[in-house]
Amino acid sequence: MNATLVTFVLYLLIMITIGIITYRMTNTLSDYVLGGRKLNSWVSAFSASASDFSGWLLIGLPGAAYAAGLGTWSLWIAVGLAIGAMINWQFVAKRLRIYTEYTNDSITLPQFFENRFHDNSHLLRVVSAAFILAFFLFYTASGLVAGAKLFQGTFEIDYHMALVVGAIIIVAYTFLGGFLAVSYTDFIQGALMSAALLFTSIYGLFKVGGFGELFNKLGSIDGSLINAFADTSYDQAAGVLWESAGAIGAVGIISALAWGLGYFGQPHILARFMAIRSHKEVRKARLISVTLGLVIPLYGALIVGMLGITTFDQALADPEQVFIQLVQFIYDPWVAGFLLAAVLAAIMSTVDSQLLVSSSALTEDFYRRYLRKEASQRELVWFGRISVLIIAIIALILAWNESSSVLDLVSYAWAGFGATFGPAILFSLFWRRTSRNGAVAGILVGGLTVFLWPLTGSALYEMVPGFILSSLAIVIFSLIGSSPSKEILEGYDKVSSVK
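Residues numbered from 1 in each chain as written. Predicted model: local features only at pLDDT ≥ 70, side-chain atom pairs only at ≥ 80, totals over all residues. Heavy atoms only, no water.

Caption draft 1: Spatial organisation of the overall build of the protein. Helix and strand counts for the protein come out as 18 helices and two strands. In the protein, which comprises 499 residues, the share counted as buried stands at 61%. In the protein, 84% of the contacts between residues at least 6 apart in sequence involve partners at least 24 apart. Taken as a whole, the protein presents about 18,600 Å² of accessible surface, with 66% of it coming from carbon and sulfur. (Helix = DSSP H or I, 4+ residues; strand = E, 2+ residues; numbered from the N terminus. Buried < 20%, exposed > 50% of the residue type's maximum accessible area, 1.4 Å probe, protein only. Contact = heavy atoms within 4.5 Å. Areas by Shrake-Rupley, 256 points an atom, 1.4 Å probe, with all protein chains shown as cover.)

Caption draft 2: Region of interest: the layout of surface pockets. In this model, the second largest pocket occupies a volume close to 220 Å³. What lines the second largest pocket is a set of 15 residues, and nearest its centre among them are Gln90, Lys94, Arg95, Ile98 and Val498. Elements represented by at least two residues in the lining of the second largest pocket include exactly α4 (74–102), α11 (282–311) and α18 (486–497). In terms of residue count, α4 provides more of the lining of the second largest pocket than any other element does, five residues in total. Of the residues contributing to the lining of the second largest pocket, the split by class is six nonpolar, three polar and six charged. (1 Å grid on protein atoms, 1.4 Å probe; cavity = no way out; pocket = protein on both sides within 12 Å on 5 of 7 lines; lining within 4 Å. Points joined across faces, edges and corners; volume = space filled by probe spheres on them. Nonpolar A, V, L, I, M, F, W, Y, C, P; charged D, E, K, R; others polar.)

Caption draft 3: Broad picture of the packing of helix α6 (residues 123–155) against helix α16 (residues 436–452). Two numbers describe how α6 lies on α16: the axes approach to 10 Å, and their chain directions differ by 20°. Comparing the axis directions of α6 and α16 gives the class roughly parallel. Here α6 runs over α16; the crossing is left-handed. Contacts from Leu123, Leu124, Val127, Ser128, Phe131, Ala134 and Phe135 in α6 reach Arg436, Ala439, Val440, Ile443, Leu444, Gly447, Leu448, Val450 and Phe451 in α16. (Axes fitted to C-alpha atoms, helices over the stretch in contact; angles between N-to-C directions. Parallel < 35°, antiparallel > 145°, perpendicular 65-115°, else oblique. Left-handed = near helix turned anticlockwise from the far one by under 90°.)

Caption draft 4: Up close: the packing of α4 against helix α9 (residues 249–257). In contact at an axis separation of 7 Å, α4 and α9 are set at 40° when each is read in the N-to-C sense. One finds that α4 runs oblique with respect to α9. Considering how the two elements wind past one another, α4 and α9 form a crossing that is right-handed. Residues Trp76, Ile77, Val79 and Gly80 of α4 touch α9, and the partners they reach there are Ile253, Ala256 and Leu257. Residues belonging to the contact of α4 with α9 are distributed by class as follows: six nonpolar, one polar and no charged.

Caption draft 5: Region of the structure containing the packing of aromatic side chains. Within the structure shown, the criterion is met by 20 aromatic pairs. With centroids separated by 4.7 Å and ring planes inclined at 65°, the aromatic side chains of tryptophan 89 and phenylalanine 273 adopt a geometry described as edge-to-face. Within this pair, whereas tryptophan 89 is found in helix α4, its partner phenylalanine 273 is found in helix α10 (residues 267–275), the two being separated by 184 residues in sequence. Classification of tryptophan 89 as buried rests on a relative accessible area of 5%. For phenylalanine 273, a relative accessible area of 2% gives the class buried. Judged by centre distance (5.0 Å) and plane angle (15°), the ring pair of phenylalanine 135 and phenylalanine 451 falls under stacked. Of this pair, phenylalanine 135 sits in helix α6 while phenylalanine 451 sits in helix α16; the two residues are 316 residues apart in sequence, bridging distant segments of the chain. In this structure phenylalanine 451 comes out as partly exposed when scored by relative accessible area, which is 31%. Chaining the aromatic ring pairs together yields one cluster made of Tyr99, Phe112, Phe113, Phe131, Phe135, Phe138, Tyr412, Phe417, Phe421, Phe451 and Tyr492. Geometry around tyrosine 492 places arginine 95 over its ring, the cationic atom sitting 5.3 Å from the centre. (Phe/Tyr/Trp six-rings, centres within 6.5 Å; stacked < 30°, edge-to-face > 60°. Lys NZ or Arg CZ within 6 Å of the ring centre and 35° of its normal.)

Caption draft 6: Here's a closer look at the environment of tryptophan 56. When you line up the elements, tryptophan 56 lands in helix α3 (residues 41–68). Separated by 90 residues in sequence, tryptophan 56 and alanine 146 have C-alpha atoms that sit 7.5 Å apart.

Caption draft 7: Structural context of the pattern of salt bridges. Enumeration over the complete set of coordinates arrives at five salt bridges. Taking the shortest distance from any N to any O, the salt bridge between arginine 125 and glutamate 114 comes out at 2.9 Å. With a gap of 11 residues between them, arginine 125 in helix α6 and glutamate 114 in helix α5 (residues 109–116) connect regions that are remote in the sequence. Relative accessible area serves as the criterion here: at 2%, arginine 125 is assigned to the buried category. In this structure, aspartate 493 and arginine 432 form a salt bridge, with 2.9 Å as the shortest nitrogen-oxygen distance. Residue aspartate 493 is found in helix α18, and its partner arginine 432 is found in the loop between α15 (406–430) and α16; the two are separated by 61 residues along the sequence. A relative accessible area of 34% means that aspartate 493 is categorised as partly exposed. (Salt bridge = Lys/Arg side-chain N within 4 Å of Asp/Glu carboxyl O.)

Caption draft 8: Expanded view of a nonpolar patch on the surface. Judged by side-chain polarity, Ile468, Leu469, Leu472, Ile476, Phe477, Leu479 and Ile480 come together as a nonpolar surface patch covering roughly 670 Å² of accessible area. Relative to the assigned elements, phenylalanine 477 resides in helix α17 (residues 463–480). On the basis of relative accessibility, which here comes to 39%, the residue phenylalanine 477 falls in the partly exposed class. (Patch = residues over 30% accessible without salt bridge, like charges linked within 9 Å, V, L, I, M, F, W, Y side chains within 5 Å.)

Caption draft 9: Focus on unusual backbone geometry. Here aspartate 105, not a glycine, exhibits a phi torsion of approximately 55°, which is positive. Within the secondary structure, aspartate 105 is located in the loop between α4 and α5.

Right, dumping it as structure tokens:
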């Protein structure tokens, strides 16, 4: 019997069981979308980290480190993400938890914007929900691609069959249990991801002789692999594993660090801040998330990618298979099965969150607002479940191309959310003068910049111009228009006074 397969099946049975248990705990739309704001600090912390990292942590980032070592952008993106996540927990988490409860118990990001600015026209809500749906289709597709690569690399099955199997598994427990299922499974998955990367990197370093020996071996292959300022690339087609194209340059470093800006606008991560049971638990959750859920897996992924360079005699055809192939190469099948389940955990933990946020946008911000204002809570929950199926099918179509890159899809969606909602969230929480028109302008400018920037041919990551132009739009349109009403300003001051 295949030990890896048995481990996978056991893991999946546990996830489905959680979905069935939480199905009985899901009675209202708030339960389905935010778990009734009942999450403790541990679940909030690991759920936020797990929903953040997705398949790119164990597939995309190790693949980039395998293809370039510390060069190109691997190290810089890890630095940017670490800084961005810490700032997000430090300043945004508590304030957003308080503000969303104060603004008529807002349970989605579009609903928060509408209530925050008393937007009776519902323009903010519609624009926000539309961008959430658009970018999450790409993000969800990236997770499905990662799942297909996992099953393909582990069990040598057809890509499209692997794609469908992965989608069915993820949709099953998201459909049943909603946010509680997603959050509790994320707790398990986040811990599993951290453990997998921690033990694999430590074990690999022990086998190779420590950091010093690892860097000596990398340097003997190509000095650019241990140079954070080198522009190193992977060219399997040309028969060249690594080749240096010179220095990465300021544009490359800025683009990599700018990934950290994305945290302020990710709806699936912000939802964890909104769902924690009390703003007083944010401090504890921040410590857990940053140390156990962020630093360990992030830098463990880089080490795993570099270990792959020194382990395999023949270059891998797909760099994003490095973690999958490495654990099967160095571990007993039972241990490998456990660690590969962590890859599935990483994928599932983000795709389920993305499906849920997209579903909530369709249910709360379109269906309930415009089609069925008097819909019962039971009806809304079931429409949310049906929405999960619809969104998953569309994402499956986008992921059908076997040459799809996990990292490319994630990069685009991450920039989309960061530039579209990041400035709007920050200004809404921390600038008293922000107006509805400013928020609308910022969201539109940020989102459209990400869509259009690739047409310029610039190497600069679209997050950078999108975030800057969105921020400028918010300031300009807030200042040239009328000031926020007295009621809005009083609400802002009340939230600001909460300790």
